[in-house]
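# Report on the structure
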Amino acid sequence: MKKIAVIGAGTMGNGIAHTFAQFDYDVNLIDISEASLEKGMSTITKNLDRMVSKGSIDEAKKEATLNAITTYTSLEEGAKDTDLVVEAATENENLKLKIFEQLDEICKSEAILATNTSSISITKIATATKRADKVIGMHFMNPVPIMKLVEVIRGYNTSDEVTSTVMSLSEKLNKVPVAANDYPGFVANRILMPMINEAIETLYNGVAGVKEIDTVMKLGMAHPMGPLQLADFIGLDVCLSILNVLYDGFKNPKYAPCPLLVNMVMAGKLGVKSGEGFYDYSASRKAETPSAQFS
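Keep in mind that what you see is a predicted model, and the values were worked out from it rather than measured. (Residues numbered from 1 in each chain as written. Predicted model: local features only at pLDDT ≥ 70, side-chain atom pairs only at ≥ 80, totals over all residues. Heavy atoms only, no water.)

## Focus on the packing of helix H9 (residues 210–221) against helix H10 (residues 227–234)
The following threshold applies: Every axis corresponds to a line fitted to the C-alpha atoms, with the helix fit spanning only the stretch in contact, and the corresponding angles, defined between N-to-C directions, vary from 0 to 180 degrees. Helix and strand assignments follow DSSP, with helices taken as H or I runs no shorter than four residues and strands as E runs no shorter than two, numbered in order from the N terminus. Reported orientations rely on four angle classes, namely roughly parallel under 35 degrees, roughly antiparallel over 145, roughly perpendicular from 65 to 115, and oblique for the rest. Residues are treated as being in contact if the distance between any of their heavy atoms lies within 4.5 Å. In the scheme used here, Gly and all other residues not listed as nonpolar or charged are polar, with Ala, Val, Leu, Ile, Met, Phe, Trp, Tyr, Cys and Pro taken as nonpolar and Asp, Glu, Lys and Arg as charged.
Look at H9 against H10: their axes get within 7 Å of each other, and the N-to-C directions meet at 105 degrees. It follows that H9 is roughly perpendicular to H10 by the angle criterion. Facing H9, whose interface residues are Val210, Ile213, Asp214, Met217 and Lys218, H10 presents Pro227, Leu228 and Gln229. Of the residues in the contact of H9 with H10, the class split is five nonpolar, one polar and two charged.

Shown next, in the form of structure tokens:
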């Protein structure tokens, strides 16, 4: 494993590219938009600057990390000679199937194709390829450069060798890989999303306000961030998408998204990324003032 391709320069993609580059891998960061690539590289630079200011890396390491990343708007040019591809595009099944179908044609036969999906079936994604044994889930946590966990999800046909390789690779990134089987939501989101959904139901039913719900979970359960603020941070559209995958996969009403979440996503209130969710982020991305509709 020498050359890595990362597809998608958004929050997860640029974090994954940053992490691989920081650990001395050559990284091709791919996105269809030049503007998205520029924004992604700007984010990586800011995060590296923060690490320099904290003394966790020096200026030379920052420059080496940036120099290890090459950007591409062409999937073929960016992925063709790589050993591992990590797809971190939008959480949309049809889009991922299309990308993996293209990767199967573009990449060398021995290349491993990984997806950072947070809920979509690895087995289903693998059906878009002729190398199901080399398709695997590599689910990083946000923010990627800081969070230790990587969920490694093997599809029905993922080989033991590929699983072992990805587990070992994760450790080389100073991460803690945890193996999971391919069922909706895997481990992290199968547990996390129902909790977030229940917090939204609690608000929807008028049991308590936004800050009160989050305070109970922070002080009572020692969570570093309340579930409603965490939902804003993840993106309410992403939360809704994962809950829909869980609901469709298990056909169990306990996974049905709260109507309030559905309405907020339809209204474009997506959390930090849109400037407003359960909290108002118009003045500061760290704002903890409940949105006007919940105050």
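## Let's talk about the sheet that holds strand E8 (residues 176–181)
We apply this condition: Should DSSP find at least two bridges between two strands, the strands are regarded as paired.
Taken in spatial order, the eight strands make up an open sheet running E3-E2-E1-E4-E5-E6-E7-E8, and their pairing is mixed. Among the strands making up the open sheet, the edge pair consists of strand E3 (69–72) and E8. Across the sheet, the mean angle from the axis of one strand to that of its neighbour is 25 degrees, orientation sign disregarded. Judged from the three bridges that link them, strand E5 (residues 112–115) and strand E6 (residues 135–140) form a sheet pairing that is parallel. Of the residues in E6, the one forming a bridge with Thr115 is Gly137. Packed on one face of the sheet, helix H1 (residues 11–22) meets strand E1 (3–7), strand E2 (26–30), E3, strand E4 (84–87) and E6 and runs near 165 degrees to E2.

## With respect to the UniProt feature "site: Important for catalytic activity" (unreviewed entry) in the protein chain
Basically, it comes down to this: UniProt positions are given in the numbering used here, feature names are shortened, and annotations may be inferred rather than shown by experiment. Partly exposed describes any residue whose relative accessible area lies between the buried limit of under 20% and the exposed limit of over 50%, with all areas from a 1.4 Å probe on protein chains only and scaled to the type maximum.
As annotated by UniProt and renumbered to match this structure, "site: Important for catalytic activity" (unreviewed entry) occupies His139. Inspection of the secondary structure puts His139 in strand E6. Overall, the relative accessible area of 6% leaves His139 in the buried class.

## Some points on the pairing of E4
Spelled out, the test is: Convention used here: a crossover is right-handed provided that the path from the first strand, over the helix, to the second strand proceeds clockwise when the strands point away from the viewer.
With burial as the criterion, each face of E4 is covered, one bearing Leu84 and Val86 and the other bearing Val85 and Glu87. Pairing of E1 with E4 involves four bridges; the strand directions are parallel. Looking at the pairing, Ala5 lines up with Val85 of E4. Considered for its hand, the β-α-β crossover made up of E4, helix H5 (residues 93–106) and E5 is right-handed.

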